[in-house]
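The residues making up each chain are set out below.
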2 protein chains.
Amino acid sequence: MQKTGFSKYKEIVYYGLALAALLLVLRFLEIRYLVFAHGFEIYTAISAVLFMALGIWLAIKLFKPKTIVVEKEKPLEFNFDASACEAMGISKRELEVLQLMAQGLSNGEIAERLFVSLPTVKTHGARLFEKLDVKRRTQAVEKGKRLRLIP
Amino acid sequence: MQKTGFSKYKEIVYYGLALAALLLVLRFLEIRYLVFAHGFEIYTAISAVLFMALGIWLAIKLFKPKTIVVEKEKPLEFNFDASACEAMGISKRELEVLQLMAQGLSNGEIAERLFVSLPTVKTHGARLFEKLDVKRRTQAVEKGKRLRLIP
DNA sequence: AGTCAAATCATACCAAAGTATGACCGTTTT
DNA sequence: AAAACGGTCATACTTTGGTATGATTTGACT
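Residues numbered from 1 in each chain as written. Chains lettered and ligands numbered in written order. Predicted model: local features only at pLDDT ≥ 70, side-chain atom pairs only at ≥ 80, totals over all residues. Heavy atoms only, no water.

With that out of the way, let us pick up the packing of helix H4 (residues 92–102) of chain A against helix H6 (residues 118–132) of chain A. All names here are of chain A. The geometry of H4 relative to H6 is characterised by a closest axis approach of 9 Å and an angle of 95° between their N-to-C directions. As judged from the angle between their axes, H4 and H6 are roughly perpendicular. For the pair H4 and H6, contact is made by Arg 93, Glu 94, Val 97, Leu 98 and Met 101 and by Val 121, His 124, Gly 125, Arg 127, Leu 128, Phe 129, Lys 131 and Leu 132, respectively. In terms of residue class, the contact of H4 with H6 is built from seven nonpolar, two polar and four charged. (Axes fitted to C-alpha atoms, helices over the stretch in contact; angles between N-to-C directions. Helix = DSSP H or I, 4+ residues; strand = E, 2+ residues; numbered from the N terminus. Parallel < 35°, antiparallel > 145°, perpendicular 65-115°, else oblique. Contact = heavy atoms within 4.5 Å. Nonpolar A, V, L, I, M, F, W, Y, C, P; charged D, E, K, R; others polar.)

Mapped onto the elements of the fold, Ser 106 of chain A is located in the loop between H4 and helix H5 (107–114). Apart from the residues lying within four places of it in its own chain, the contact partners of Ser 106 of chain A are Arg 137 of chain A together with Arg 136 of chain B.

Under the criterion given, the structure shown has eight salt bridges over all chains. Between Glu 96 of chain A and Arg 93 of chain A there is a salt bridge; the shortest N-O distance is 3.0 Å. Of this pair, Glu 96 of chain A and Arg 93 of chain A both sit in helix H4, three residues apart, which is roughly one turn of the helix. According to the relative accessible area criterion, Glu 96 of chain A is partly exposed, its value standing at 29%. The partner of Glu 109 of chain B in a salt bridge is Arg 136 of chain A, and the shortest N-O contact between them spans 2.8 Å. Of this pair, Glu 109 of chain B sits in helix H5 (residues 107–114) while Arg 136 of chain A sits in the loop between H6 and helix H7 (137–146), on two different chains. Accessibility expressed as a relative area gives 31% for Glu 109 of chain B, which makes it partly exposed. Take Arg 136 of chain A: its relative accessible area is 23%, and that puts it in the partly exposed class. (Salt bridge = Lys/Arg side-chain N within 4 Å of Asp/Glu carboxyl O. Buried < 20%, exposed > 50% of the residue type's maximum accessible area, 1.4 Å probe, protein only.)

It is worth spelling out the protein's contact with DNA strand D at this point. In the vicinity of DNA strand D, 19 residues are found, and the nearest of them are Ser 91, Ser 117 and His 124 of chain A together with Lys 122 and Arg 137 of chain B. If you look at DNA strand D and keep only atoms within 4 Å of the protein, 67% of those are sugar or phosphate atoms. With respect to DNA strand D, the side chain of Ser 91 of chain A contributes an N or O atom lying 2.3 Å from a phosphate oxygen. Within the side chain of Arg 127 of chain A, a nitrogen or oxygen atom sits 3.4 Å from a base oxygen of DNA strand D. (Near = heavy atom within 4 Å. Polar contact = N/O pair within 3.5 Å; in protein donor to acceptor, adjacent residues only side chain to side chain.)

A word on unusual backbone geometry. All names here are of chain B. You will see that Phe 115, though not glycine, has its phi angle at about 55°, which is positive. On the secondary structure map, Phe 115 appears in the loop between H5 and helix H6 (118–132). The exposed category is assigned to Phe 115, whose relative accessible area is 76%. The backbone of Asp 133 sits at a positive phi, close to 60°, despite the residue not being glycine. Mapped onto the elements of the fold, Asp 133 is located in the loop between H6 and helix H7 (137–146). On the accessibility criterion, Asp 133 (64% relative accessible area) is exposed.

As structure tokens, then:
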């Protein structure tokens, strides 16, 4: 939220009022303690504490908006969308195949990696394409990434 | 950088020393001005200003590391790497083909989009694969994205 | 004028991808 | 027990992808 000119002006008034109040307190303390023999030291100590507190409060108030928000470019990490995956009825094996397809592997290479036969990979692929409503593996990869099924 | 226990301890010592020095100044001022008739008001004012300054300084010192860096997730926009593209000798047309491949289009569809024949798209593809040192279109897309040739 | 790279097209062939269909085997669910 | 599902494999077929080779055109650079 942006500060208006008025609210800033109000703050200054508050600071002035606070200062005035503090001076009043000091005046009161002066009258109260000046009569005593060692009242001077007490008065000094109290005034010192009060003014230090005022200084601290002032500094905090004035330097409060130092919270700087830095927008840093973050690679935007991958969050697997399990709900989308389940909603489309995609099985674990099909997902594995999709991942390997995204890495540019051929069906044969995928078959080797998963220790299954080529036809198996093909059937997984076919079901995957059907569930993702695509026609080619490249489209499947593209859609898989959009739906956060793969990184 | 993380603060060590020692440096934090050192800071406290500094604050203590500063306070001690301030008291010494006050003592000096007390001796100097107490003899005068209106020395009391002057002494009070000076001590007030000094302690307020101390308070401000303290607050600034203590609340300085309030600068919070918020890491915001940014989609990380696409910056075309023309240097990498030139370095590999990839032509405009080849890049266009790569882009359309990344969108999951078949060679035939790409041919339609670019108003050229199927063999043309194939030769573009073949040269592209050679230049990118890949064997399949899926790998070309994967590598093209890694090299920032396509979004 | 000559060279070169990019772009275009063609033809032919082989490999890979994708489709269709059917079958078998465990789990899990009903 | 039967049904449903996921995973597996196979066979046959069609489509698409990729390779190889060669040819033509156009524009840029020398």
